[in-house]
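Residues per chain are reported as follows:
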Amino acid sequence: MKDKISIVGAGLVGSLLAVILKKKGFEVQVFEKRKDPRKSEVAEGRSINLALSRRGILPLKMAGVFETIEPYLIPMKGRMMHNEVGELTFQPYGKEGQFINSVSRAQLNELLIENAEKAGVEVHFDHKCTDVDFEDNRLQFENGESIKCELIVGTDGAFSAIRKKLELTDRFNFSQHYIEHGYKELCIEPTDGEFLMEPNYLHIWPRGNFMLIALPNNDKTFTCTLFFPFEGSPSFQELNSKEEVNAFFDQYFSDAKALIPDLAEQFFNNPTSSLVTTKCEPWHKSRTILLGDAAHAIVPFYGQGMNSGFEDVRLFVEMAEEMNWEWEKVLPKYSSFRKKDADAISELALHNFIEMRDHVGDPDFLKRKKLEAQIQEQYPSEWVPLYSMVTFSDLPYSEALRLGKIQKKVMDEFLDQTAEIDFSAIIDRFNTLKQVD
Ligand code: FAD
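Everything quoted here is computed from the prediction, not taken from an experiment.

Undergrad: I'd love a proper account of the site of the ligand, names of residues and values included.
TA: The local shell around the ligand holds 29 residues, among which Glu32, Ala51, Arg105, Asp293 and Met306 are the closest. For the ligand, an oxygen atom lies 2.6 Å from a polar atom in the side chain of glutamate 32. One nitrogen or oxygen atom from the main chain of lysine 33 is found 3.1 Å from a nitrogen atom belonging to the ligand. Protein contact buries 88% of the 1,000 Å² of open area that the ligand shows by itself. Listed by contribution, the elements that provide at least two residues to the shell around the ligand are α1 (12-23), β3 (49-52) and α9 (305-322). The biggest single contributor to the shell around the ligand is α9, with three residues. Grouping the amino acids of the shell around the ligand by side-chain chemistry returns 12 nonpolar, 10 polar and seven charged.

What follows is the structure, given as structure tokens:
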């Protein structure tokens, strides 16, 4: 094989990058350890659906593939909260007309692979990468093949083989952290071909230290995900019999339980998976670079893992094009430029878990949301809530995090004010702190 751009991992990020680089005129080959997902069954209990938002949509449009994906998306206008007696409260995600989109990870991946092949990318399944020679720009595969590459992009996910090789090199920093919670998926089947809950919302059952969420699928099912501690009380460790599972759901999620007749069977048949944050730097060495989860895996609570990976692709290609595809210069520049944003979304994602599971229903949080809505209504261009900056804009994550911290500080100062609120004073304070913080 002649020198080409080689992408390791035909997941979401790798297949999208392949389409774009191919359309830019490069010869692109992708190596994927799995079999072709279009020809194999999805593993039981692994029907993950994802929330796709603006940062993910822009690169899909850049690749010219969004119109093939749009028909598979289900808009979600906000959070639908379920309390312990099944009462519902709605919280919009943004302004009227703003929404995020539920999409099946497996379906999206297949569509992207399809698009890559259509564009002329060679996708080699059953090719597990086992080694990289950074000096010779050479990849080694489990089947004995070895190829020399013009550029190597590691998009091989949170447990990246390329990153593991980088870990053995000098001055490469790496850390990983498992949170104390894991997750388990459960399915709400349709009845008479219809959704059993309102489909255009992300349903949440916030319960303090744990929560259940549900996102709609095209086949009218909902994928529910229980985020729950591995140990302690209550925890996965405590639920060992059908009776224990049923009693637990009766106590905390009775309305959801009523929609899952085979709850205990699903609970014990489906795997319990862990959640990890990984950080590393630099993301490059000679002509190899990491993108997506391989560079920065985050917990899923801001719905930004894939979105940030897709944004990596857009920023990487835009920068490379501007720098005339001089990889020796592009790789270090991109790696140092993007790192602060990956760290910011990692922090935001961990924090959002606490907000989703613990705060969304509490009075202080609701008071804060109300105040924020009022400020935004009066000063829509000057005060954009943190969730909107992350989800509905392409402001760098690090800037969204910085502004969000200042907004919190300002709201803390004005929240308990008994006199009538002076919104212009809030904006003045925000603008002042923005200059100095
Ligand atoms: P992956 O999708 O993991 O793809 C990596 C690919 O590399 C795989 O195909 C793998 O088989 C292949 N591979 C691995 N090792 C090798 C090797 N040695 N050789 C060759 N190939 C290899 N993100 C969102 O944006 N919104 C959400 O709402 C959201 N919800 C989530 C919910 C859950 C429960 C989880 C777990 C994640 C969620 N995410 C979400 C995160 C999202 O799934 C990931 O960020 C995204 O899949 C990362 O894409 P990737 O291409 O970097 O990695």
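From this point, the discussion proceeds with the structure in view.
Undergrad: Describe helix α2 (residues 54-62), and please don't skip the residues or the numbers.
TA: Turning to α2, its buried residues are Arg55, Gly56, Ile57, Pro59 and Leu60. Positive backbone phi, at 70 degrees, marks glycine 64, one or two positions downstream of α2.

Undergrad: Describe in detail the packing of helix α11 (residues 363-378) against helix α14 (residues 423-436), supporting the description with residues and values.
TA: Axis separation between α11 and α14 bottoms out at 10 Å; the angle between their running directions is 90 degrees. As the angle between them shows, α11 and α14 are arranged roughly perpendicular. In this structure, α11 uses Leu371, Gln374, Ile375 and Gln378 to contact α14, whose residues at the interface are Phe423, Ile426 and Ile427. Among the residues forming the contact of α11 with α14, the class breakdown is five nonpolar, two polar and no charged.

Undergrad: Give me the lowdown on the sheet that holds strand β18 (residues 284-285), citing residues and values where you can.
TA: Pairing is mixed across the open sheet formed by six strands, whose spatial order is β8-β2-β1-β12-β19-β18. In this open sheet, the two strands that pair with only one neighbour each are β8 (122-124) and β18. Examined bridge by bridge, strand β1 (residues 5-8) and strand β2 (residues 28-31) share four bridges and lie parallel to one another. Within β2, the residue paired with isoleucine 5 across the bridge is valine 28. Docked against the sheet, helix α10 (residues 327-359) engages β1, β12 (151-154), β18 and β19 (288-290), running at close to 25 degrees with respect to β19.

Undergrad: Please provide a residue-by-residue account of the pattern of salt bridges, values included.
TA: Counted according to the given criterion, the structure contains 33 salt bridges. The shortest N-O distance in the salt bridge between arginine 54 and aspartate 394 comes to 3.4 Å. Placement of the pair is arginine 54 in helix α2 and aspartate 394 in the loop between α12 (386-391) and α13 (397-415), with a sequence separation of 340 residues. Residue classification places arginine 54 among the partly exposed residues on the basis of a relative accessible area of 35%.

Undergrad: Tell me about the domain arrangement of the protein, and please be specific about residues and values.
TA: Under the domain assignment used here, the protein contains domain 1 (4-72 + 105-176 + 276-351), domain 2 (178-274) and domain 3 (362-436). When each unit is reduced to the centre of its C-alpha atoms, the spacing between domain 2 and domain 3 is 34 Å.

Undergrad: Can you break down the side chain of glutamine 376 residue by residue, with the values?
TA: You can see glutamine 376 is positioned in helix α11. Given a relative accessible area of 17%, glutamine 376 falls into the buried group. For glutamine 376, the residues in contact, after removing those within four places along its chain, are Lys95, Trp383 and Pro385.

Undergrad: Help me get a handle on the pairing of strand β14 (residues 202-206), residues and values and all.
TA: With five of its five residues buried, β14 lies for the most part within the structure. Residues of β14 alternate between two faces, with Leu202, Ile204 and Pro206 on one and His203 and Trp205 on the opposite face, all of them buried. Pairing analysis gives three bridges linking strand β5 (residues 78-82) to β14, with the strands arranged parallel. Each bridged residue has a counterpart across the sheet, and for arginine 79 the counterpart in β14 is leucine 202. Of the strand pairs in this sheet, β14 and strand β15 (residues 211-216) are connected by four bridges, and their pairing is antiparallel. Each bridged residue has a counterpart across the sheet, and for isoleucine 204 the counterpart in β15 is isoleucine 213.

Undergrad: Describe the nonpolar core, with residues and values.
TA: Formed by 114 residues in total, the largest nonpolar core has its most connected members in Leu139, Phe316 and Trp327. For leucine 139, the residues in contact, after removing those within four places along its chain, are Ser6, Val8, Phe31, Cys129, Asp131, Val132, Glu145, Ser146, Ile147, Cys149, Ile152 and Ile162. With 24 residues, the next largest nonpolar core counts Phe195, Leu212, Phe248 and Phe249 among its residues.

Undergrad: Quick one: what's the story with the sheet that holds strand β9 (residues 129-133), residue by residue and with numbers?
TA: Taking strand neighbours across the sheet as the criterion, the three strands line up as β9-β10-β11 in an open arrangement whose pairing is antiparallel. Since the sheet does not close on itself, it has two edges, and those belong to β9 and β11 (146-148), each with one partner. In this sheet, neighbouring strand axes are inclined to one another by 20 degrees on average, regardless of whether the strands run parallel or antiparallel.

Undergrad: Account for the side chain of threonine 278, with residues named and values stated.
TA: With respect to the element layout, threonine 278 can be found in strand β17 (residues 272-281). Threonine 278 has contacts with Ala158, Arg163, Phe174, Ser175, Gln176, Asp293, Ala295, His296 and Ala297, leaving out every residue within four places of it along the chain.

Undergrad: Give me a negative patch on the surface: which residues, what numbers.
TA: Together, Glu382, Glu420, Asp422 and Asp428 make up a region of like negative charge exposed at the surface. Along the chain, the position of aspartate 428 falls in helix α14.

Undergrad: So what about the packing of α13 against α14? Which residues, and what values?
TA: Helices that pack against each other are described as a pair by the angle of their axes relative to one another and the distance between those axes. Running from N to C, α13 and α14 cross one another at 140 degrees; their axes reach a closest spacing of 10 Å. On the basis of the axis angle, α13 is oblique to α14. Every pair of crossing elements has a handedness; the one defined by α13 and α14 is right-handed. On the side of α13, the interface is formed by Arg402, Leu403, Ile406, Gln407, Lys409, Val410, Glu413 and Phe414, while α14 contributes Ala425, Ile426, Arg429, Phe430, Leu433 and Lys434. Split into classes, the residues belonging to the contact of α13 with α14 amount to eight nonpolar, one polar and five charged.

How each quantity is defined
Residues numbered from 1 in each chain as written. Predicted model: local features only at pLDDT ≥ 70, side-chain atom pairs only at ≥ 80, totals over all residues. Heavy atoms only, no water. Near = heavy atom within 4 Å. Polar contact = N/O pair within 3.5 Å; in protein donor to acceptor, adjacent residues only side chain to side chain. Areas by Shrake-Rupley, 256 points an atom, 1.4 Å probe, with all protein chains shown as cover. Helix = DSSP H or I, 4+ residues; strand = E, 2+ residues; numbered from the N terminus. Nonpolar A, V, L, I, M, F, W, Y, C, P; charged D, E, K, R; others polar. Buried < 20%, exposed > 50% of the residue type's maximum accessible area, 1.4 Å probe, protein only. Axes fitted to C-alpha atoms, helices over the stretch in contact; angles between N-to-C directions. Parallel < 35°, antiparallel > 145°, perpendicular 65-115°, else oblique. Contact = heavy atoms within 4.5 Å. Pairing = 2+ DSSP bridges. Salt bridge = Lys/Arg side-chain N within 4 Å of Asp/Glu carboxyl O. Domains from an automatic or database assignment. Core = buried A, V, L, I, M, F, W, Y, C linked by side-chain atoms within 4.5 Å. Patch = residues over 30% accessible without salt bridge, like charges linked within 9 Å, V, L, I, M, F, W, Y side chains within 5 Å. Lys, Arg positive; Asp, Glu negative; His and termini not counted. Charge placed at Lys NZ, Arg CZ, Asp CG, Glu CD. Left-handed = near helix turned anticlockwise from the far one by under 90°.

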